[in-house]
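# Analysis of the macromolecular model
Spelled out from the first residue to the last, the chains are:
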Amino acid sequence: MSPQPAAASLATPDEFRAALSQLAAGVALVTVHDSGEGSQADPGPGEDAGMTATSFLSVSLEPPLVLISVREDSRMDELLSRLDLWAVSLLGEQHRTLASRFAMKGRLSDRLLFADTPHQRGPASGAPLVTGALATVECRTEQRIAAGDHTLLVGRVLEAKVPAPDGRPLLYFRSGYRHLA
């Protein structure tokens, strides 16, 4: 058995960010519909919310599970602490502006952003699904896990569709949006 190395100092946030910027990630829009009163899946009066995410991944095939990471104390974290149905639209390269708008801090209201975003309601979640997305999944939260300054949500996939099977993905790499050459 080899000796254990001495405890190393932690990477700084800048070092960590620089290292992870070398990992290309798909870009997704996570959405939820807060109907206020009544059933969450009822797309009646209420409010839609969305956030751009690059931390979306498959967890399990049987049962179908996915994971998203949401900043702790964000509006989306608060909504998803109350609402268990949500959706994810995997964005194509034509959605670069949309991804940027939903990623901005201090942005316009989500209501105005969705008014300018072609979408339809997911039948299982009532959440907006982006028109022309490469794929969409609708989920029910199975587990919430506190992880540093984020909350990890494991969701059971209720619906999965591939509306644009020949589309080209929007990627995030080295702190910017990219597309396949």
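Structure first, text after, so check above.
Structure report, in brief. (Residues numbered from 1 in each chain as written. Predicted model: local features only at pLDDT ≥ 70, side-chain atom pairs only at ≥ 80, totals over all residues. Heavy atoms only, no water.)

Glancing now at the overall build of the protein. Of the regular secondary structure elements, the protein holds 4 helices and 12 strands. Its C-alpha atoms give the protein a radius of gyration of 17 Å, near enough to 16 Å, the size a compact globule of 181 residues would have. For the protein, the spread of C-alpha atoms along the three principal axes comes to 60 × 40 × 35 Å. Here the protein holds 181 residues, and 39% of them are scored as buried. For the protein, restricting intrachain contacts to residue pairs at least 6 apart in sequence, the fraction spanning at least 24 positions comes to 63%. (Helix = DSSP H or I, 4+ residues; strand = E, 2+ residues; numbered from the N terminus. Rg over C-alpha atoms; globule rule 2.2 N^0.38 Å. Buried < 20%, exposed > 50% of the residue type's maximum accessible area, 1.4 Å probe, protein only. Contact = heavy atoms within 4.5 Å.)

Right, let's talk about helix 2 (residues 75-82) for a bit. Taken as a whole, helix 2 has its buried residues at Met76, Asp77, Leu79 and Leu80. With its buried residues spanning 165° around the axis, helix 2 presents them on a single face. Residues of helix 2 that are buried sit in contact with strand 2 (28-34), strand 3 (47-53), strand 5 (65-71), strand 6 (85-90), strand 9 (135-147) and strand 10 (150-161). (Arc of directions from axis to C-beta.)

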